Amino acid sequence: MRLGFILLLSLYIAGCTPKRGGIIIAGSTSVQPFIEKVAEHFMEKYPGITVNVQGGGSTAGILATLNGTCNIGCSSRDLLPSERGLRVVLIALDGIAVILHRDNPIDNLSVEQVRGMFSGKILSWKDLDGQDKDVIPVTREEGSGTRASFESMIMGDEEISDACLVQDSNGAVREIIATTQQGVGYISVGLVDEREKAVAIDGIKPTLTNLITEKYRFSRPFLLLLREEPKGDISTFIEYVLSPEGQEILGSSGLIPATQVVAD
Amino acid sequence: MKDKIAEKLLLFIAFSAILSLSLITFFIFQQGIPLIFKAGLGNFFSLRWAPTRGGFGILSMVVGSLMVTIGALAVGIPFGLAGAIFLAEFSSSTIQKTLKPVIELLAGIPSVVFGFIGIVILVPFIREIFGGPGFSVLAASIILGIMILPTIVSISYDALLAVPKTYREGSYALGATKWQTVVMVLLPAARSGIVAGIILGMGRAIGETMAVIMIAGNALKIPGSILDSVRTLTSTIALELGYAAGDHRAALFACGSILFLIIIFLNIIATRITNRK
Amino acid sequence: MTFRIGPRTSQIIAYITLLVMTAITVIVLFFIIFYILKNGIGQLTLEFLTDRTRDMGREGGILPSILGTLFITIFAILIATPLGVGSAVYLVEYTKGGFIRRIISFGADCLAGVPSIIFGLFGFIFFVITMNLGWSILSGGLTLAVMILPTIIRTSEEAIKAVPYTYREISYSLGGGKLDTIVRVVLPSALPGILTGVILGIGRAVGETAAVIFTAGSSLGLPTSIFSSTRTLAVHFYILAREGISMPKAYGTAAVLIIIILAINFIAYRLMHRFIARYY
Amino acid sequence: MNKLSIRELSLYYEKHQALKKISLDVESNEILAVIGPASSGKSSLLRAINRLYEIDYARITGEILLDDKNIFDIPISELRRRIGLIFATPVVLPGSVYKNIAYGPKLHRRLKKSELDELVCDALKAGNLWDEVADRLDDSASRLSGGQQQRLCIARTLAMQPEVIMMDEPCSGLDPISTAKIEATMLELKKDYTFILVTNNTKQAARISDRTAFLYLGELIELDKTQKLFTSPADMKTDDYIRGRFG
C-alpha cells in the first residue's frame with residue numbers, strides 16, 4: 001500500500017515534467033495512414049529516432065500542436081482563423097472520390113446527383129437509371145475534415161441528410177460500401193481499393209493525372225503543423241517527408257505530392 | 001500510533017472511489033453543462049444535431065439510446081430469465097456448476113468482439129433477409145441483448161437461490177408442480193433481485209459504445225422501424241470526439257453529462273431495490 | 001368446449017422452452033468464441049506475435065499492441081490494487097455501518113456502473129488535457145485504474161468479509177494490533193479472493209476499448225516509456241475490423257484477445273473456487 | 001498475592017448489560033473455574049479482562065488490575081501478551097503448524113531464526129503436542145485433529161510467554177481422551193501460570209480447579225474453594241445449577 005503511494009507520488013511529479021521519447025504526430029485520421037507509411041520508412045532509415053503516429057482528428061491535432069501534446073499535428077483541412085499562428089507545411093493534396101459498390105452499374109454521376117443522394121432528395125437508384133432499390137448514403141461524422149471538404153465542394157448550401165449512415169473513418173465508410181450494394185460514400189482517392197469503385201464526377205475520373213492537372217476539382221490539402229521552427233529530429237522528419245523519397249511514398253499511395261502541385 | 005496512522009491512511013484511500021466519482025462528475029459537467037445553457041434548453045432538446053453550425057439537439061440520440069436499450073432488454077430479459085430459472089430450478093448441481101461460470105464468461109468477452117460478430121454475421125444476415133443496410137436497431141438490440149445476458153442470468157440466479165427452501169417445500173406440499181412453484185412463489189419472492197439485475201443490465205446496454213458504433217449505422221434520423229439505422233448518445237461521443245473543438249466538444253460532454261445522469265439514476269434505483277430486501 | 005392446459009402439460013412445455021432458451025444462450029456464447037478462434041488461430045504464428053506492425057496492420061505482427069496492452073494493464077493494476085484493497089480493508093475493518101460506509105459503498109457502486117465512454121471522456125479531459133500527460137500509457141493506465149477500482153473494491157470487500165471473525169479474535173488475543181491483524185492474518189487469508197478481483201480487473205482492462213482509445217491514443221510504434229502513446233490489442237482489433245484493413249489480421253488479433261480473456265477468467269474462477277472451498 | 005483484581009466490573013453491549021458489578025480476585029498459580037448457564041456473562045468476563053470487548057464495540061465500567069496495575073495503563077498489546085485467551089472452538093490460522101506458533105512471538109519482538117525455532121519447540125512441548133507434530137511442523141495446521149488443534153492453540157498462547165491463561169470452554173467440542181490430555185497439560189502448567197477456566201462442564205471444574213466462581217445473568221453469585229462450592233454451596237441458585245436443575 002505504501003509502495004503504491006510512493007509510486008503515485010513519483011508519477012505525479014514525473015507527470016509535471018513530461019520527458020517524452022521520439023516524435024509524436026497526431027491529428028487527422030485521413031492523413032494518419034499516409035504519414036504512418038512515411039514514418040515506417042523514415043524509422044528504417046534513421047533507426048535512432050522513433051516516430052509515434054496517431055489519429056484523433058484534425059481538430060484534436062491542431063489543439064494538440066498548440067498546447068504541445070504532440071510535436072507535429074496533421075490536418076486535412078485549412079486552418080480556421082481562430083487556429084492561426086501555427087506553421088503549416090503542405091505535404092500533399094488528397095482527392096475525394098465518391099465510391100459505389102463494385103457491382104453497381106453506374107460509373108458516372110453529376111455533382112447534383114451526388115448532392116441529391118446525400119441531401120435526401122434522391123432516394124432510389126431508379127432515379128439514376130439504376131435498379132429500383134433505396135440509396136444508402138454513408139457520410140463521415142460532424143467535425144471530420146473529409147466531411148467538411150465534401151460539404152464545401154459538393155453540397156454547397158444544402159445539408160447532409162439525417163438519414164445517412166455515419167462512420168468515423170475512411171476505412172469504415174469504405175467497408176460499408178464494399179459490402180452494401182446500394183451504398184454510396186466518399187473517401188480519399190488513395191484509399192479506394194478493388195472492392196468498390198470511384199465514379200467519375202461530371203465525366204471526369206479521379207485519376208492522378210486529372211488530380212494533378214486539377215481537371216478533377218475535388219481535393220483538399222494534407223498539412224503538417226508545427227508550433228515553432230522545426231529543430232533536430234523534427235526537422236529531419238519534415239525534410240524527409242518533403243524529400244523525393246518521402247514524396248514518392250505519398251505519391252505511390254495515391255496522393256498528389258506537394259512538390260508536383262508546386263511545380264504546376 | 002502505528003494503528004492510528006494506518007487508519008487515517010486507509011480512510012484517505014477509502015475515499016478514492018468517491019473522489020474519482022466526484023472528479024468525473026465535476027469534469028464532465030464542467031465541460032458540458034455550460035453549453036446546455038448557452039445553447040438553450042429548446043435547442044439542446046431539439047432534433048437538429050449540427051454542432052459545427054449551432055445545432056445542438058440531442059433528442060434523436062436520447063430516443064436512439066432508449067430504443068436500443070429497450071430492444072436489448074426485449075432480447076436479454078426472456079433469455080436471461082429463462083437461463084436463470086433453468087439453472088436454478090431445473091438442472092442438476094453439476095450442470096449449475098459448469099454452466100454458471102460459462103455464462104459469466106460471456107461478460108468477459110470484450111465489447112469490440114461482440115461488435116465484430118455483429119458486423120461479420122448479424123448485419124449481413126439482416127441485410128439478406130430484410131433488405132436495407134442491415135446496420136439497424138435490430139442488429140444493435142440483438143448484440144446488446146446478448147451482452148447483458150450474463151448480468152441478468154447471474155444476478156437473477158443468485159436471487160432465485162436466495163429464496164428460502166421452505167417456500168419451495170411449502171409450495172410442493174400443496175401439490176404445485178415445479179413450474180407453478182416458479183411462477184407463483186419463486187419469481188415473486190426473488191423479484192427485487194431480478195429487477196436489480198435487469199436495471200444493471202439496462203445500465204450496461206445504455207452505456208455500451210464500441211459495439212453499437214460498429215453495428216447501428218449511426219444515422220441521426222429517429223428510426224421509423226427496427227430495420228432503420230440509429231444513433232445513440234454514446235456513439236455520438238465516440239464518433240465525434242476526435243474531431244470536435246469548442247462548442248462541438250462541449251456538446252459531446254453535454255451528451256456525456258446526460259448519459260451520466262441517466263446511469264447514476266439507474267444505479268440509485270438498483271441500490272434502493274437491492275437494499276430493500 | 002374450452003381447452004385448458006393441465007399443470008403437468010404446462011410443466012413440460014415450460015421445461016422444454018427453458019431448456020431451448022438456455023441452450024441457445026450457451027450455443028451463442030460458444031459460437032462467438034469458436035468463430036473467432038477458428039478464423040484467427042491460423043494467424044497465430046510466432047512472427048505474428050513478435051513482429052512490429054507494418055502498413056497500418058496489413059502486414060507484420062502485433063507486438064506493439066501486446067506490449068502496450070501489457071504496460072497499460074500492469075500500470076492500471078499497480079494503481080488500482082492498493083487503492084481498492086485499502087478501501088475494502090477500511091470498509092470492513094474500520095467502519096461499522098454508518099454514514100462513511102454508506103457513502104464509500106455508494107461511490108464504488110456508482111463508479112462500477114459508469115459506462116466506459118464516460119471514463120474515456122474523463123480521462124481525455126483530465127489526464128490527457130488538464131494534467132497534460134498526452135495520449136500515453138500513463139493516461140490510459142490511470143483511466144483504467146479508475147475504471148477497475150470498483151471491481152477490486154467489491155471483490156476484496158467480499159473476500160475480507162469472508163475471513164472468519166475468529167481469526168481476528170485470535171490475533172488480538174495474541175496481542176496483535178489492528179494493523180498486525182490485518183496485514184498478517186486478514187489479508188493473507190483473503191488473498192485468493194482479492195486476487196480474483198485483481199484478475200477480473202485485468203480482464204476488464206485488457207478488453208476495454210472506449211476508455212483507452214481517447215486516453216492512450218492509437219500509435220503503432222513500440223512503446224518506449226510511460227509517456228509513449230500506444231494502441232492496445234482491443235483498439236487495434238477495433239481499427240482493423242472497422243476500417244477493413246485486414247480481416248485475417250483482425251481475426252488473429254481477436255483470437256489473441258479472446259485467449260487472454262479466457263485464460264484470465266479461468267484463473268480467476270479457479271482462485272475463487274479454492275477460496276470458496278476454504279471458507280464456505 | 002492476587003494476580004488479577006476485578007472491582008465493580010460492568011460491561012455493556014449497546015443497551016444490554018452483560019456483566020453487573022462483578023468483583024473478584026484471581027490468585028497466582030491457581031486454576032479458577034468460572035461456571036454458569038448460557039449468557040451468564042462468563043465469556044464477557046474473559047473478553048473484558050484482555051480488552052477484547054473493544055473490538056465488539058462494547059464498553060465497561062469498573063476496574064481491572066493486573067499485578068496491581070490498571071489494565072488501561074498497560075499497552076494493549078503487552079496486556080494481551082501477558083493474558084492469553086483460548087477459545088471454545090480451536091481456530092488455527094491459515095498456514096503451517098510452525099507459523100501458527102511463531103505468529104505471537106513475532107508480533108512482539110524481533111527474533112533470530114534459531115531463537116524462534118527453540119521457542120516453537122518449547123511451546124509445543126509445554127502444550128503436550130511436540131511428540132505428535134515434531135516431524136510435520138511445515139504441514140498445514142488445519143490438517144491436525146480437533147484435539148491437536150486445541151493443544152496447538154494452547155501452545156500458540158504459551159509461545160508468547162503469558163502470565164495468565166484464560167480458557168473459554170476449551171474442551172467443549174472434544175472427545176474424552178483429548179479432554180483428558182488438555183486437563184493434564186493444564187495441571188502441569190499450573191506451577192508457572194495462572195488459569196481462568198470458563199466451562200459448561202461442572203465435572204471438569206470440580207476435577208481440576210482450585211476455586212470456582214458461579215455467574216448467573218451477569219452477576220457473581222458465589223466464589224469459593226471448589227471443594228466447598230460443589231459440596232455445600234451457600235446460594236440456592238448455585239445448588240440448583242450444579243445439580244443440573246436448570247441451565
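In this text, all values refer to a predicted model and were calculated from it rather than measured experimentally.

1. Quick word on the overall build of chain D
Then step 1. Secondary structure assignment for chain D yields ten helices and ten strands.
Then step 2. Expected size for 247 residues packed as a compact globule is a radius of gyration near 18 Å; at 18 Å, chain D falls within 12% of this value.
Then step 3. For chain D, the spread of C-alpha atoms along the principal axes amounts to about 55 × 40 × 35 Å.
Then step 4. The proportion of buried residues among the 247 residues of chain D is 54%.
Then step 5. Long-range contacts, defined as pairs at least 24 residues apart, comprise 66% of the intrachain contacts of chain D with a sequence gap of at least 6.
Then step 6. Computing the positive centroid from 35 side-chain charges and the negative centroid from 35, chain D places the two 3 Å apart.

2. As for the interface of chain B and chain C
Then step 1. On the side of chain C, 75 residues touch chain B, which itself brings 71 residues to the contact.
Then step 2. The junction of chain B with chain C conceals about 6600 Å² of combined surface from both sides, 83% of it contributed by carbon and sulfur atoms.
Then step 3. Applying the counting rule to chain B against chain C returns zero salt bridges.
Then step 4. For the pair chain B and chain C, the number of links is five residue pairs in polar contact (both at pLDDT 80 or more).
Then step 5. Looking at the side of chain B that touches chain C, the element that brings in the most residues is helix H13 (residues 246-276) of chain B, giving eleven residues.
Then step 6. Its residues assigned to classes, the side of chain B that touches chain C shows 51 nonpolar, 14 polar and six charged.

3. Things to note about the packing of aromatic side chains
Residues and elements named next belong to chain A.
Then step 1. With the rule as written, the count across this model stands at 26 aromatic pairs over all chains.
Then step 2. Seen in terms of ring centroids, Phe 42 and Phe 237 are 5.0 Å apart; in terms of plane orientation they differ by 90°. Their pairing is edge-to-face. Note that Phe 42 is positioned in helix H2 (residues 32-45) and Phe 237 in helix H8 (residues 232-242), a separation of 195 residues in sequence. For the pair Phe 42 and Phe 237, a shared accessibility class is recorded, and that class is buried.

4. A look at the domain arrangement of chain A
Interface size is often expressed as the accessible area that is lost when the parts come together.
Residue and element names in this part refer to chain A.
Then step 1. Splitting chain A by domain gives domain 1 (3-93 + 221-263) and domain 2 (95-212).
Then step 2. The centre of domain 1, based on its C-alpha atoms, is set 29 Å off from the matching centre of domain 2.
Then step 3. Carbon and sulfur atoms supply 56% of the area buried between domain 1 and domain 2, which totals about 940 Å² over both sides.
Then step 4. Considering only the side of domain 1, the residues that lose the most area to domain 2 are Ser 30, Gly 254 and Ile 256, jointly responsible for 38% of the buried surface there.
Then step 5. Counting across the domain 1 and domain 2 interface gives zero salt bridges.
Then step 6. Our count for the domain 1 to domain 2 interface comes out at two residue pairs in polar contact (both at pLDDT 80 or more).
Then step 7. Tallied by class, the residues present in the side of domain 1 that touches domain 2 amount to five nonpolar, eight polar and no charged.

5. Quick word on the packing of helix H6 (residues 111-130) of chain B against helix H10 (residues 233-242) of chain C
Then step 1. Viewed as axis vectors pointing N to C, H6(B) and H10(C) meet at an angle of 15°, and their least axial separation amounts to 10 Å. As far as their axial angle goes, H10(C) and H6(B) are roughly parallel. By crossing handedness, the relation of H6(B) to H10(C) is classed as left-handed. Counted together, Val112(B), Val113(B) and Phe116(B) of H6(B) and Ala234(C), Phe237(C), Tyr238(C) and Ala241(C) of H10(C) form the full contact between these two elements.
Then step 2. Taken together, the residues that form the contact of H6(B) with H10(C) break down as seven nonpolar, no polar and no charged.

6. What to know about a positive patch on the surface
Then step 1. Together, Arg184(C), Lys99(D), Lys106(D) and Arg110(D) make up a positively charged patch on the protein surface.
Then step 2. By the secondary structure assignment, Arg110(D) is in the loop between helix H3 (97-108) and helix H4 (113-126).
Then step 3. Judged by its relative accessible area of 82%, Arg110(D) falls in the exposed class.

7. Digging into the arrangement of the chains
Then step 1. Most contacts, among the four pairs of chains that meet, fall between chains B and C.
Then step 2. When C-alpha atoms are compared, chain A and chain D, though not in contact, are closest at a spacing of 20 Å.
Then step 3. There is a gap between chain B and chain D: no contact, and a shortest C-alpha distance of 11 Å.

8. Quick notes on the interface of chain D and chain C
Then step 1. Each side of the interface is counted separately: chain D has 25 residues, and chain C has 20 residues.
Then step 2. Between chain D and chain C, a total of about 1900 Å² is buried, with carbon and sulfur atoms accounting for 64% of that surface.
Then step 3. It is Tyr57(D), Tyr103(D) and Leu107(D) in chain D that bury the most area against chain C; as a group they hold 28% of the surface buried on that side.
Then step 4. For the pair chain D and chain C, the interface holds one salt bridge.
Then step 5. We note a salt bridge from Arg47(D) to Glu169(C), for which the minimum N-O separation is 2.6 Å.
Then step 6. For the pair chain D and chain C, the interface holds two residue pairs in polar contact (both at pLDDT 80 or more).
Then step 7. Here the side of chain D that touches chain C gets four residues from one element, more than from any other, and that element is H3(D).
Then step 8. Taken together, the residues of the side of chain D that touches chain C sort by class into 13 nonpolar, five polar and seven charged.

9. Section: a nonpolar patch on the surface
Then step 1. Together, Ile12(C), Tyr15(C), Ile16(C), Leu19(C), Val20(C) and Ile24(C) line one region of the surface with nonpolar side chains, adding up to about 490 Å² of accessible area.
Then step 2. Mapping Tyr15(C) onto the fold places it in helix H1 (residues 7-40).

10. Observations concerning the sheet that holds strand S8 (residues 194-198) of chain D
Residues and elements named next belong to chain D.
Then step 1. Ordered in space as S6-S7-S8-S3-S9-S10, the six strands form an open sheet in which the pairing is mixed. Two strands close off the open sheet at either side, each with one partner strand: strand S6 (83-86) and strand S10 (219-225). For this sheet, the mean inter-axis angle between neighbouring strands, taken without regard to orientation, is 15°.
Then step 2. As defined by bridge partners, strand S9 (residues 211-216) adjoins S10 across six bridges and the pair is classed as antiparallel. Opposite Arg 211, over in S10, you have Lys 225 as the bridge partner.
Then step 3. Strands S6 and strand S7 (164-168) of the sheet are contacted by helix H6 (residues 146-158), whose axis makes an angle of about 170° with S6.

11. Things to note about the sheet that holds strand S5 (residues 69-70) of chain D
Residues and elements named next belong to chain D.
Then step 1. Reading across from one edge, S2-S1-S4-S5 is the order of the four strands in this open sheet, with antiparallel pairing throughout. The outermost strands of the open sheet, each flanked by one partner alone, are strand S2 (16-27) and S5.
Then step 2. In this structure, strand S1 (residues 2-13) lies alongside strand S4 (residues 59-66), joined through seven bridges in antiparallel fashion. Considered in S4, the bridge of Leu 4 is made with Leu 66.
Then step 3. Helix-sheet contacts for helix H1 (residues 42-49) involve S1, S2 and S4, and the interaxial angle to S1 is about 115°.

Cut-offs used in this document
- Residues numbered from 1 in each chain as written.
- Chains lettered and ligands numbered in written order.
- Predicted model: local features only at pLDDT ≥ 70, side-chain atom pairs only at ≥ 80, totals over all residues.
- Heavy atoms only, no water.
- Helix = DSSP H or I, 4+ residues; strand = E, 2+ residues; numbered from the N terminus.
- Rg over C-alpha atoms; globule rule 2.2 N^0.38 Å.
- Buried < 20%, exposed > 50% of the residue type's maximum accessible area, 1.4 Å probe, protein only.
- Contact = heavy atoms within 4.5 Å.
- Lys, Arg positive; Asp, Glu negative; His and termini not counted.
- Charge placed at Lys NZ, Arg CZ, Asp CG, Glu CD.
- Buried area = accessible area lost by both parts, 1.4 Å probe.
- Salt bridge = Lys/Arg side-chain N within 4 Å of Asp/Glu carboxyl O.
- Polar contact = N/O pair within 3.5 Å; in protein donor to acceptor, adjacent residues only side chain to side chain.
- Nonpolar A, V, L, I, M, F, W, Y, C, P; charged D, E, K, R; others polar.
- Phe/Tyr/Trp six-rings, centres within 6.5 Å; stacked < 30°, edge-to-face > 60°.
- Domains from an automatic or database assignment.
- Axes fitted to C-alpha atoms, helices over the stretch in contact; angles between N-to-C directions.
- Parallel < 35°, antiparallel > 145°, perpendicular 65-115°, else oblique.
- Left-handed = near helix turned anticlockwise from the far one by under 90°.
- Patch = residues over 30% accessible without salt bridge, like charges linked within 9 Å, V, L, I, M, F, W, Y side chains within 5 Å.
- Areas by Shrake-Rupley, 256 points an atom, 1.4 Å probe, with all protein chains shown as cover.
- Pairing = 2+ DSSP bridges.

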